[in-house]
Amino acid sequence: MNRPRLGLRARLLALGVLGLVLGFALGGALLLGALGWTLQRSVDAEALRTADAVALLAAEDALPDPLPVAGGQLRVQVVDAQGRIRAASIDADRLVPMLGPGELRPGQAQRLVVDGRRVGLSGPVRVVTVPAGTPQEPRTVLVAKSLSDVRHSLHVVRNLLLVGFPLLVAGLAVVAWRVVGATLRPVEELRSGAAEITGRAGAERLPVPAGQDEIHRLAVTLNDMLDRLAASRDRQRAFVADAAHELRSPLTNMRTELEVARRLGADTDWPAVADDLLADTERLSRLVDDLLLLARLDEQAPAERRPADDGRPARPAAVGPVELGELLRAVADRCPSPPVRLVAPAGAWWTEGDPGELRRVLVNLVENALRHAHAEVRLSVTGPQGAYHLVTVTDDGPGIPVADRERVFARFTRLDDARARDAGGAGLGLAIVRELVRRAGGTVELADATPGAPAPGLRVTVRLPALVEPEPE
């Protein structure tokens, strides 16, 4: 059976409490260690002061009997080289030294912890030895100091830590629970707002916290994403609506012609009906091909269509050497001459890209120019200019107003009645051109062919990355 996982708030609290417990445990251990070390040094310092004072008396051969000591927790003995007690404090044993023969090292300073029962004290005892006397008569001063006060102090501090640390951790856990809850409240509001979003038409946004923190930036980023998704959804709906309208038109024409032909019966001009149906079928086929191509291009990863905005040509999605002069000649040969005229100086202009897609770009531009040209359509290629070759398609038609030159690249855009279905297509040609040129790592621009003229014409300039001529295999 799967156990339910703790929520983020509980996990953060658990991690925080665990960190506090580990930190307090380590801090408590360090505190007790430091306190014990400090108290031990104070005991040693007191014992050494007493031993040094007794050693001075021994050096002057002025040892009183009994030896004077301060407090009842000290025991002092002075022994000779044979381990015999020469002097002792009033509470010290006068027959048995504090340290046995195996423990005492005459002439050396020592610090040991022994059982307090040796000197008549309870608990452990600190014994400090200091050499004394003269070279002719060496002696050793032994001072014993009880560690009961040290142990008692450590015991009290340890009990306080054992009682205080859990209470402190509990209090901090309550505070942390409330603080984490307040911190995550904007996240919960974002979740609630996201749950209320239904994907219907209209502005749908997430609540943005007032603080300028990471959650605020997250909410702003999510709202930007929602705006992009809404714009994409609107474009898809418009695309579907326009596509449905464009697909419905030839189908309606075909159905109307067939119904009229059936009613006329023997009077039907079947060759004319067949020609009309064939024209509508070809138009429908082109429209379906264009829609499928645009759908395929929309599925391409954004990384494969990086715009060339930093002065360097972007790497196309499909890589392959293409000679632009040969491609222009192939496209021009498909069209009547005149009006199509190829103006290309001798030489080779190589670029990278998909040959079929670049051919589709030129075919769409030439067909668009032929629909609007009065007498001539010119194709040319120049370059390289910087890192690009320039391919231009120029016509002498009415041109496109400056205000509409960006709009014509939108899908299903036709500027006037002159671009009717029979002559102007569905308005997908230039949209396909821009997408394919982007995939090739280039850009496309529109300008007047003859500025200031009554019919300025249109010059379409396609910038494609220049490629060094490949070596023959």
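Residues numbered from 1 in each chain as written. Predicted model: local features only at pLDDT ≥ 70, side-chain atom pairs only at ≥ 80, totals over all residues. Heavy atoms only, no water.

**Thoughts on the overall build of the protein chain**
- A tally of helices and strands in the protein chain yields 8 helices and 12 strands.
- Here the protein chain holds 473 residues, and the buried ones make up 35% of them.
- Across the protein chain, the fraction of contacts at a sequence separation of at least 24, relative to all contacts at a separation of at least 6, is 61%. (Helix = DSSP H or I, 4+ residues; strand = E, 2+ residues; numbered from the N terminus. Buried < 20%, exposed > 50% of the residue type's maximum accessible area, 1.4 Å probe, protein only. Contact = heavy atoms within 4.5 Å.)

**Describing the sheet that holds strand 7 (residues 340–343)**
- Read across the open sheet, the 5 strands follow the order 7-9-10-12-11; overall the sheet is mixed. Each edge of the sheet is formed by a strand with only one pairing partner; in this case those strands are strand 7 and strand 11 (443–447). Taking the axes of each pair of neighbouring strands and ignoring which way they run, one obtains an average angle of 20° across the sheet.
- Pairing of strand 9 (residues 377–385) with strand 10 (residues 388–395), which is carried by 7 bridges, proceeds in the antiparallel orientation. Counted as the bridge partner of Thr382 is Leu390 from strand 10. (Pairing = 2+ DSSP bridges. Axes fitted to C-alpha atoms, helices over the stretch in contact; angles between N-to-C directions.)

**Details of the packing of helix 6 (residues 355–372) against helix 8 (residues 429–439)**
- Viewed as axis vectors pointing N to C, helix 6 and helix 8 meet at an angle of 150°, and their least axial separation amounts to 9 Å. Crossing of helix 6 over helix 8 shows left-handed handedness. Facing helix 6, whose interface residues are Glu357, Arg360, Val361, Asn364 and Leu365, helix 8 presents Gly429, Leu430, Ile432, Val433, Leu436, Val437 and Arg439.
- Along the lines of polarity and charge, the residues of the contact of helix 6 with helix 8 split into 7 nonpolar, 2 polar and 3 charged. (Left-handed = near helix turned anticlockwise from the far one by under 90°. Nonpolar A, V, L, I, M, F, W, Y, C, P; charged D, E, K, R; others polar.)

**Points about the side chain of Arg405**
- Of note, Arg405 is situated in the loop between strand 10 and helix 7 (421–424).
- Looking at Arg405, its side chain comes within polar contact range of the side chain of Asp448, at 2.5 Å.
- For Arg405, the contacting residues outside a window of four places in its chain are Ile400, Leu446, Ala447 and Asp448. (Polar contact = N/O pair within 3.5 Å; in protein donor to acceptor, adjacent residues only side chain to side chain.)

**Digging into unusual backbone geometry**
- The linkage connecting Asp65 with the following residue, Pro66, adopts the cis geometry, with an omega of 5°.
- Tracing the chain through its elements places Pro66 in the loop between helix 1 (8–59) and strand 1 (74–80).

**Overview of the environment of Ala53**
- In this structure, Ala53 sits in helix 1.
- Separated by 88 residues in sequence, Ala53 and Val141 place their C-alpha atoms 9.7 Å apart.

**As for the sheet that holds strand 2 (residues 85–88)**
- Spatial ordering of the open sheet is given by 2-1-5-4-3, a layout of 5 strands whose pairing is antiparallel. In this open sheet, the two strands that pair with only one neighbour each are strand 2 and strand 3 (110–115). The sheet shows a mean angle of 25° between the axes of neighbouring strands, direction not considered.
- In this fold helix 1 packs onto strand 1, strand 3, strand 4 (124–133) and strand 5 (138–146), with an angle of close to 30° to the strand it touches most, strand 4.

**Quick word on the nonpolar core**
- If you look at the biggest cluster of nonpolar residues, it comprises 45 residues, and the most contacted ones within it are Leu365, Val391 and Val462.
- Sorting the residues of this core by element identifies helix 4 (270–298), helix 5 (324–333), helix 6, strand 9, strand 10, helix 8, strand 11 and strand 12 (458–465) as the ones contributing at least two each.
- The dominant element in this core, judged by the number of residues it contributes, is helix 6, at 7 residues.
- Residue contacts for Leu365: discarding those within four places in its chain leaves Val393, Leu430, Val433, Val460 and Val462. (Core = buried A, V, L, I, M, F, W, Y, C linked by side-chain atoms within 4.5 Å.)

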